[in-house]
Amino acid sequence: LIACSIALDLLQGLDHIHCLDIVHSDLTPANIILEITGRTVLADFGLSCKQEVENYEGMTVGTPGYQAPERLLRDPMTRAADIYNAGLILHELLLGERLFTNPDPKDVMARMKALPIRIPASGDPQVDDYLKRMLKTALSIQSHKRFPSARDFMFAIYQILKAYDIRYTRRAILQWMIDIKLTTLPPAEPRQNIYMR
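How each quantity is defined
Residues numbered from 1 in each chain as written. Predicted model: local features only at pLDDT ≥ 70, side-chain atom pairs only at ≥ 80, totals over all residues. Heavy atoms only, no water. Helix = DSSP H or I, 4+ residues; strand = E, 2+ residues; numbered from the N terminus. Rg over C-alpha atoms; globule rule 2.2 N^0.38 Å. Buried < 20%, exposed > 50% of the residue type's maximum accessible area, 1.4 Å probe, protein only. Contact = heavy atoms within 4.5 Å. Areas by Shrake-Rupley, 256 points an atom, 1.4 Å probe, with all protein chains shown as cover. 1 Å grid on protein atoms, 1.4 Å probe; cavity = no way out; pocket = protein on both sides within 12 Å on 5 of 7 lines; lining within 4 Å. Points joined across faces, edges and corners; volume = space filled by probe spheres on them. Nonpolar A, V, L, I, M, F, W, Y, C, P; charged D, E, K, R; others polar. pLDDT = per-residue confidence, 0-100. Core = buried A, V, L, I, M, F, W, Y, C linked by side-chain atoms within 4.5 Å. Expected span 1.5 Å × (residues − 1). Polar contact = N/O pair within 3.5 Å; in protein donor to acceptor, adjacent residues only side chain to side chain. Salt bridge = Lys/Arg side-chain N within 4 Å of Asp/Glu carboxyl O. Axes fitted to C-alpha atoms, helices over the stretch in contact; angles between N-to-C directions. Parallel < 35°, antiparallel > 145°, perpendicular 65-115°, else oblique.

Novice: Break down the overall build of the protein chain for me, citing the residues and quoting the values.
Specialist: The number of helices and strands found in the protein chain is seven helices and two strands. Walking the protein chain from its N terminus toward its C terminus, one meets helices and strands in the order α-β-β-α-α-α-α-α-α. Against the compact-globule benchmark of 16 Å for 197 residues, the protein chain has a radius of gyration of 17 Å, which places it among compact chains. In terms of principal-axis extent, the alpha carbons of the protein chain reach across some 50 × 30 × 30 Å. Classification of the 197 residues of the protein chain by burial places 46% in the buried group. Taking contacts inside the protein chain between residues at least 6 apart in sequence as the whole, the part at least 24 apart equals 64%. For the protein chain, the exposed area adds up to about 10300 Å²; of that, 54% sits on carbon and sulfur atoms.

Structure, rendered in structure tokens:
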């Protein structure tokens, strides 16, 4: 549930920049900052663009292992690329490991085409099935099959959090950070049941 809370907060930031016609274009875990208050912040807009891409012909741009299929195919970058990367980050948060460790673009593209959606069992088969379907949509190799917007992806994640009565994602993240001793701030109230059993 913490992974979903972080992803939802991240997608709120993406939705904001997408409303300004900005594509982040290099969304990676290193470009996401968790503040000690539980707020998720997007950083490093060095490759961002206004719905257009600079000519990087013959150059590799972006972070290996975190390039959307469009980047590897040298297709135009759109909001859908950010949706893909948000799905990739959520998948990695759930797994606790990187999905693409080999930086070779050909290897990454081959793995993208047959990416198995695997997550650790949560104890709730319905949630597991829903998460897998949600990730399959976000990580579709074909951009038009992904969530149409960050807001649609947010709504899908919110369905899980709502089922567990998590209403304040930033408080949930703060509570988790306190539990694992990343911060010494006082706990946020009301306390939420943020762990699945």
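Novice: Help me get a handle on empty space enclosed by the protein, residues and values and all.
Specialist: Counting across every chain of the model gives one cavity of 30 Å³ or more. What the largest cavity holds in volume is close to 60 Å³. Surrounding the largest cavity, Ser25, Asp26, Leu27, Gly62, Tyr66, Gln67, Ala68, Arg71, Met77, Ala81, Asp82 and Asn85 form its lining. The greatest single-element share of the lining of the largest cavity, amounting to three residues, is contributed by helix α3 (residues 79–95). For the lining of the largest cavity, the residue count by class is five nonpolar, four polar and three charged.

Novice: Requested: an account of the confidence of the model for the protein chain, with residues and values cited.
Specialist: The predicted model of the protein chain has a mean per-residue pLDDT of 85, with 93% of residues at 70 or higher. Per-element averaging of pLDDT across the protein chain places helix α4 (residues 105–113) at the bottom with 83 and α3 at the top with 94.

Novice: Tell me about the nonpolar core, and name the residues and values.
Specialist: Counting residues in each nonpolar core, the largest one holds 38 residues, and the members touching the most others are Leu90, Met134, Phe153 and Ile157. Elements with a contribution of two residues or more to this core: α1 (2–19), α3, α5 (125–138), α6 (150–163) and α7 (169–179). Top contributing element to this core by residue count: α1, with ten residues. When neighbours within four sequence positions are excluded, Leu90 is seen to be in contact with Ala3, Cys4, Ala7, Met134, Leu135, Phe153 and Ile157. Grouped together as the second largest cluster of nonpolar side chains are 15 residues, Ala81, Leu88, Leu95 and Val108 included.

Novice: Describe the side chain of Asp9, naming the residues involved and giving the relevant values.
Specialist: Mapped onto the secondary structure, Asp9 falls in helix α1. Overall, Asp9 belongs to the buried group, its relative accessible area being 2%. With residues near it in sequence (within four places) discarded, Asp9 still touches Gly38, Arg39, Thr40, Thr169, Arg170 and Ile173.

Novice: How would you explain α5 if you had to name every residue and give the values?
Specialist: Counted at 1.5 Å a residue, the expected span for α5 with its 14 residues is 20 Å, and the 20 Å between its end C-alpha atoms agrees. Elements that come into contact with the buried residues of α5 comprise α1, α3 and α6. For α5, the N-terminal cap is Asp124; the gap from its side-chain oxygen to the backbone nitrogen of Gln126 is 3.1 Å.

Novice: Quick rundown of the pattern of salt bridges? Include the residues and the values.
Specialist: As a working rule, side chains carrying opposite charge can pair if their charged atoms are close by. Applying the stated criterion to the full structure yields seven salt bridges. Residue Asp15 pairs with Arg151 through a salt bridge whose shortest N-O separation is 2.7 Å. In this pair, Asp15 sits in helix α1 while Arg151 sits in helix α6, placing the two residues 136 residues apart along the sequence. Residue Glu70 is joined to Arg146 by a salt bridge in which the shortest nitrogen-to-oxygen separation is 2.7 Å. Of this pair, Glu70 sits in helix α2 (residues 69–72) while Arg146 is found in the loop between α5 and α6, placing the two residues 76 residues apart along the sequence. Grouping residues by exposure puts Glu70 and Arg146 together as buried.

Novice: Give a description of the packing of α5 against α6 that names residues and reports values.
Specialist: Direction vectors running N to C along α5 and α6 enclose 170 degrees, while the axes themselves pass 11 Å from each other. Judged on the interaxial angle alone, α6 and α5 are roughly antiparallel. Touching Val127, Tyr130, Leu131, Met134 and Ala138 of α5 are Phe153, Ala156, Ile157, Gln159 and Ile160, all from α6. Residue composition of the contact of α5 with α6, by class: nine nonpolar, one polar and no charged.

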